[in-house]
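Chain residues, written in single-letter form:
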Amino acid sequence: MNYSQTLEFLFTSMPSFQQVGSDAYKPGLERITEFCRHLGNPQRNYFTIHVAGTNGKGSVSNLIAATLQSQGYRTALYTSPHLVDFRERMRVNGEMIPEDKVVGFVEKWKKSGYTGDKPSFFELTMMMAFDWFAEMEVDYAVIEVGMGGRLDSTNIITPLLSVITNISKDHTQFLGDTLEKIAGEKAG
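Below is a short write-up of the structure. On a predicted model such as this, the values are computed, not experimentally measured, just so you know.

1. Some words on the overall build of the protein
Per the secondary structure count, the protein includes eight helices and six strands. Walking the protein from its N terminus toward its C terminus, one meets helices and strands in the order α-α-α-β-α-β-β-β-α-α-β-β-α-α. For the protein, the residues scored as buried account for 47% of the 188 residues in total. When contacts within the protein are restricted to residue pairs at least 6 apart in sequence, those whose partners lie at least 24 apart make up 73%. Carbon and sulfur atoms make up 50% of the accessible area of the protein, which totals about 9100 Å².

2. What to know about helix α1 (residues 3-13)
Helical geometry: 3.6 residues make up each α-helical turn, so side chains three or four residues apart lie on a common side. Within the sequence span of α1, burial applies to Tyr3, Thr6, Leu7, Phe9 and Leu10. Projected onto a plane normal to the axis of α1, the buried residues spread over an arc of 155 degrees and lie on a single side. The inward-facing, buried residues of α1 contact α5 (99-111) and α6 (121-135).

3. Some points on the pairing of strand β5 (residues 140-144)
Two faces, one strand: in a regular strand the side chains alternate between the faces of the sheet. Of all five residues in β5, five are buried; the element is thus mostly enclosed. Both faces of β5 are covered, namely the face carrying Tyr140, Val142 and Glu144 and the face carrying Ala141 and Ile143. Sheet topology places strand β1 (residues 47-52) next to β5; five bridges connect them, and they run parallel. Among the inter-strand pairings, His50 is bridged to a residue of β5, identified as Ile143. Here four bridges tie strand β2 (residues 75-78) to β5, and the two strands are oriented parallel to one another. The residue of β5 that forms the bridge with Thr75 is Tyr140.

4. Here we look at the packing of aromatic side chains
This structure, assessed with the given rule, holds nine aromatic pairs. Between the aromatic rings of Phe9 and Trp109, the centroid separation amounts to 6.3 Å while the plane-to-plane angle is 45 degrees, which identifies the pairing as tilted. Remark: Trp109 occurs in helix α5 and Phe9 occurs in helix α1; sequence separation between them is 100 residues. Residue classification places Phe9 among the buried residues on the basis of a relative accessible area of 18%. Taking 6.0 Å as the distance between ring centres and 45 degrees as the angle between the ring planes, the aromatic pair formed by Trp132 and Phe133 counts as tilted. Side by side, Trp132 and Phe133 carry an identical accessibility label, which is buried.

5. Some details on the pattern of salt bridges
Within the structure shown, the criterion is met by four salt bridges. Among the salt bridges present, the one from Glu135 reaches Lys101, with a minimum N-O distance of 2.5 Å. On the criterion of sequence distance, the pair formed by Glu135 in helix α6 and Lys101 in helix α5 is long-range, its members being 34 residues apart. Take Glu135: its relative accessible area is 43%, and that puts it in the partly exposed class. The partly exposed category is assigned to Lys101, whose relative accessible area is 29%. The partner of Asp131 in a salt bridge is Lys108, with the nearest N and O atoms 3.0 Å apart. One end of the pair, Asp131, is in helix α6; the other, Lys108, is in helix α5, with 23 residues separating them in the sequence. Its relative accessible area of 13% is what places Asp131 among the buried residues.

6. Topic: a nonpolar patch on the surface
Together, Phe47, Leu160 and Leu161 make up an exposed nonpolar region whose accessible area comes to about 310 Å². Relative to the helices and strands, Leu160 resides in the loop between β5 and β6 (161-164). In this structure Leu160 comes out as exposed when scored by relative accessible area, which is 54%.

7. What about the packing of helix α3 (residues 30-38) against α6?
Packing of α3 against α6 leaves a shortest axis separation of 11 Å and a crossing angle of 30 degrees. Classified by chirality, the crossing of α6 by α3 is right-handed. Contacts between α3 and α6 involve Arg31, Ile32, Phe35 and Cys36 from the first element and Glu123, Leu124, Met126 and Met127 from the second. Residue composition of the contact of α3 with α6, grouped by class: six nonpolar, no polar and two charged.

Basis of the calculations
Residues numbered from 1 in each chain as written. Predicted model: local features only at pLDDT ≥ 70, side-chain atom pairs only at ≥ 80, totals over all residues. Heavy atoms only, no water. Helix = DSSP H or I, 4+ residues; strand = E, 2+ residues; numbered from the N terminus. Buried < 20%, exposed > 50% of the residue type's maximum accessible area, 1.4 Å probe, protein only. Contact = heavy atoms within 4.5 Å. Areas by Shrake-Rupley, 256 points an atom, 1.4 Å probe, with all protein chains shown as cover. Arc of directions from axis to C-beta. Pairing = 2+ DSSP bridges. Phe/Tyr/Trp six-rings, centres within 6.5 Å; stacked < 30°, edge-to-face > 60°. Salt bridge = Lys/Arg side-chain N within 4 Å of Asp/Glu carboxyl O. Patch = residues over 30% accessible without salt bridge, like charges linked within 9 Å, V, L, I, M, F, W, Y side chains within 5 Å. Axes fitted to C-alpha atoms, helices over the stretch in contact; angles between N-to-C directions. Left-handed = near helix turned anticlockwise from the far one by under 90°. Nonpolar A, V, L, I, M, F, W, Y, C, P; charged D, E, K, R; others polar.

Below is the structure:
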């Protein structure tokens, strides 16, 4: 597959929250833990900083990554969703993941013999980032949570630092219907 065929595959065969809503949400960490183990746990090869919250996660994540990079650290950044280009989700020292690395990871996953549950779009994209970050031998990876909550698949990392931005009512069907419940989930 070439890059555009790979994107077509990702967007049409993997459930994403932006396309199908709550049907794409796969709570629980068992599936992603197994998937990470199958790929050699690449997320354990660098220090991580985890950023959660309702609004401001992307801005805070970018500021932390820029600060680390300015201090000479090889710094990765994982955010979602993307605005223009799918590759915006994964950056190392400000450079987006190359198209051939996107294609290569999807081919690697398809040929891997992984027999667990099919990952969601977010989970596969996150694992692509973790795998590429390990390959790039980053010092730090700043990871923005997806929806947030205790069962967000990004919670497989063991962060050096966790940041929670402001909290407001969002994803109440998954996180709770009060600010207290949502904050509790985001802090999870």
